[in-house]
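Next come the chains, spelled out residue by residue.
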Amino acid sequence: MGWGGREANYKAVLIITGVAALATLPVHAQNAGLGAAGELVDPDILRVCADPSNMPFSDQSGEGFEDKLAKLVATATGRGSVAYTWFPSITGFVRNTLGANRCDIIMGYAQGDELVQNTNAYYRSSYVLLYEKDGDLRGVETLTDQKLADKRIGVVQGTPPSANMAAAKLMRRAKIYPLMVDTRITPSMAEVMIQDMLSGVIDAAVIWGPMAGYYARKSGADLSIVPLIREKGGQRMTYRITMGVRPSDQQWKRTLNAFIKDNQAEINKLLLEYGVPLLDEHDQKITQ
């Protein structure tokens, strides 16, 4: 076990990220019918690479939405069970899991990262701005809004919104939260930020959307969750999230692409149940 927080850049959410060196699962040569020669995907068990303490994505309890999604994938691809290689989202995650052939799929991985081969995206989300719905920030949609000028905003160190906040001169009063935390013993920074906002420590928070939606709902507070899709310039705020597989596993990728295409409505329903702010390719909210 070890460090567990995808508090940041979902390119490393990837996503990315102790010592959870569990026993290596056996690798089965792929049988005829699933894929091409040379692929090492287990035909009978869905072998998942995941962080053991990274809600709302994955957790050893099986309560993460990626854990639920894995069960759907297993059933749809004819696998009898799901088995996990647990490893924290830190540097070396891909190398020690998928790259070591200990598992065959990372359930959530930002599109475009060269460490894995991406499937088609199964959802698209963004960093969001959170504030109390009936407070004086009502209606704010961008980090350049003058209503934010004298506010204390929470942001996770090194995440894309911090660059936009710096350009808008918001970092001078910002509260910076750590990028990596041991979530076995420390709450998620998204949860801490929301608690701080409700107690008046900060006035607003900028968080990766899936984490914001989940922990905002868990808090029971009436919060506005505003996708940062109207930023002019600066860092990228929206990301397409895929499943990650080995570059050699071409047929496995095609199998998963077919699953995503055939089950998109069910995938959306699952994600919405966890409060994930879903965006289509035109930045319109997906609500069902």
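All figures in this text were calculated on a predicted structure; none of them were measured in a lab. (Residues numbered from 1 in each chain as written. Predicted model: local features only at pLDDT ≥ 70, side-chain atom pairs only at ≥ 80, totals over all residues. Heavy atoms only, no water.)

(A) Molecular detail of the overall build of the protein. When you go through the protein residue by residue, the secondary structure sums to six helices and 14 strands. Burial analysis of the protein (288 residues in total) assigns 55% to the buried set. Summed over its atoms, the accessible surface of the protein is roughly 12,400 Å², and 50% of this surface lies on carbon and sulfur atoms. (Helix = DSSP H or I, 4+ residues; strand = E, 2+ residues; numbered from the N terminus. Buried < 20%, exposed > 50% of the residue type's maximum accessible area, 1.4 Å probe, protein only. Areas by Shrake-Rupley, 256 points an atom, 1.4 Å probe, with all protein chains shown as cover.)

(B) Fine view of the side chain of Asp 51. You can see Asp 51 is positioned in the loop between strand E1 (45-50) and strand E2 (53-54). A residue is classified by how much of its surface remains accessible, and Asp 51, at 1% relative accessible area, is buried. Within the structure, Asp 51 has its side chain in polar contact with the backbone nitrogen of Ser 53 (distance 2.8 Å). A polar atom in the side chain of Asp 51 sits 2.9 Å from the side chain of Ser 89. (Polar contact = N/O pair within 3.5 Å; in protein donor to acceptor, adjacent residues only side chain to side chain.)

(C) Quick peek at the confidence of the model for the protein. Mean pLDDT over the protein stands at 87; residues scoring 70 or higher make up 87%. Within the model, pLDDT remains below 50 along residues 1-36, and this stretch shows 133 contacts once partners closer than five positions in the same chain are excluded. (pLDDT = per-residue confidence, 0-100. Contact = heavy atoms within 4.5 Å.)

(D) Representation of the environment of Leu 179. With respect to the element layout, Leu 179 can be found in the loop between strand E9 (175-177) and helix H4 (189-198). Residue Leu 179 is classed as partly exposed on the basis of its relative accessible area of 28%. Separated by 21 residues in sequence, Leu 179 and Gly 158 have C-alpha atoms that sit 7.0 Å apart.

(E) Spotlight on helix H6 (residues 250-273). The largest bend along H6 reaches roughly 75° and is located at Asn 263. Among all positions in H6, only Trp 252, Thr 255, Leu 256, Asn 257, Phe 259, Ile 260, Ile 267, Asn 268, Leu 270, Leu 271 and Leu 272 are buried. After H6 finishes, the residue Gly 275 shows a positive phi value of roughly 80°. (Bend = angle between axes of the 7 residues up to and from the residue.)

(F) Region of the structure containing the pattern of salt bridges. Evaluated as defined, the whole model comprises eleven salt bridges. Note that Asp 136 is salt-bridged to Lys 151, the shortest N-O span being 2.8 Å. Of the two residues, Asp 136 sits in the loop between strand E7 (123-132) and strand E8 (153-156) while Lys 151 sits in the loop between E7 and E8, which places them 15 residues apart along the sequence. The exposed category is assigned to Asp 136, whose relative accessible area is 54%. Here the residues in one salt-bridge network are Arg 47, Asp 104, Arg 246 and Asp 249, joined through shared partners. (Salt bridge = Lys/Arg side-chain N within 4 Å of Asp/Glu carboxyl O.)

(G) Looking closely at unusual backbone geometry. Going from Met 55 to Pro 56, the amide bond is cis rather than trans, its omega being 10°. For Pro 56, the position within the fold is in the loop between E2 and strand E3 (58-59). Here Lys 169, not a glycine, exhibits a phi torsion of approximately 60°, which is positive. Tracing the backbone shows Lys 169 in the loop between helix H3 (160-167) and E9. One non-glycine residue, Asp 283, lies in the positive phi region at around 65°. Along the polypeptide, Asp 283 turns up in the loop between strand E13 (278-279) and strand E14 (285-286). Taking the relative accessible area as the measure of exposure, Asp 283 reaches 24% and is therefore partly exposed.

(H) Spatial organisation of the packing of H4 against helix H5 (residues 209-219). Where H4 meets H5, the closest approach of the two axes is 9 Å, and the angle between their N-to-C directions is 50°. Overall, the two elements H4 and H5 adopt an arrangement that is oblique. Here H4 and H5 pass one another in a crossing that is right-handed. Side by side, H4 and H5 meet where Ala 190, Glu 191, Ile 194 and Leu 198 of the first sit next to Met 211, Ala 212, Tyr 215, Ala 216, Lys 218 and Ser 219 of the second. Partitioned by chemical class, the residues of the contact of H4 with H5 number seven nonpolar, one polar and two charged. (Axes fitted to C-alpha atoms, helices over the stretch in contact; angles between N-to-C directions. Parallel < 35°, antiparallel > 145°, perpendicular 65-115°, else oblique. Left-handed = near helix turned anticlockwise from the far one by under 90°. Nonpolar A, V, L, I, M, F, W, Y, C, P; charged D, E, K, R; others polar.)

(I) Layout of the pairing of E7. Here E7 lies mainly inside the structure; nine of its ten residues are buried. Two strands pair when backbone bridges link them, and E7 and strand E12 (residues 238-245) are joined in this way by four bridges, in the antiparallel orientation. The residue of E12 that forms the bridge with Ser 126 is Thr 238. One ladder, built from four bridges, connects E7 with strand E10 (residues 204-208); its direction is antiparallel. From the neighbouring strand, Val 128 faces E10, where its bridge partner is Ile 207. Relative to strand E11 (residues 223-227), E7 runs antiparallel, the two being bridged by five bridges. Residue pairing for E11: Tyr 131 is matched across the bridge by Ser 224. (Pairing = 2+ DSSP bridges.)

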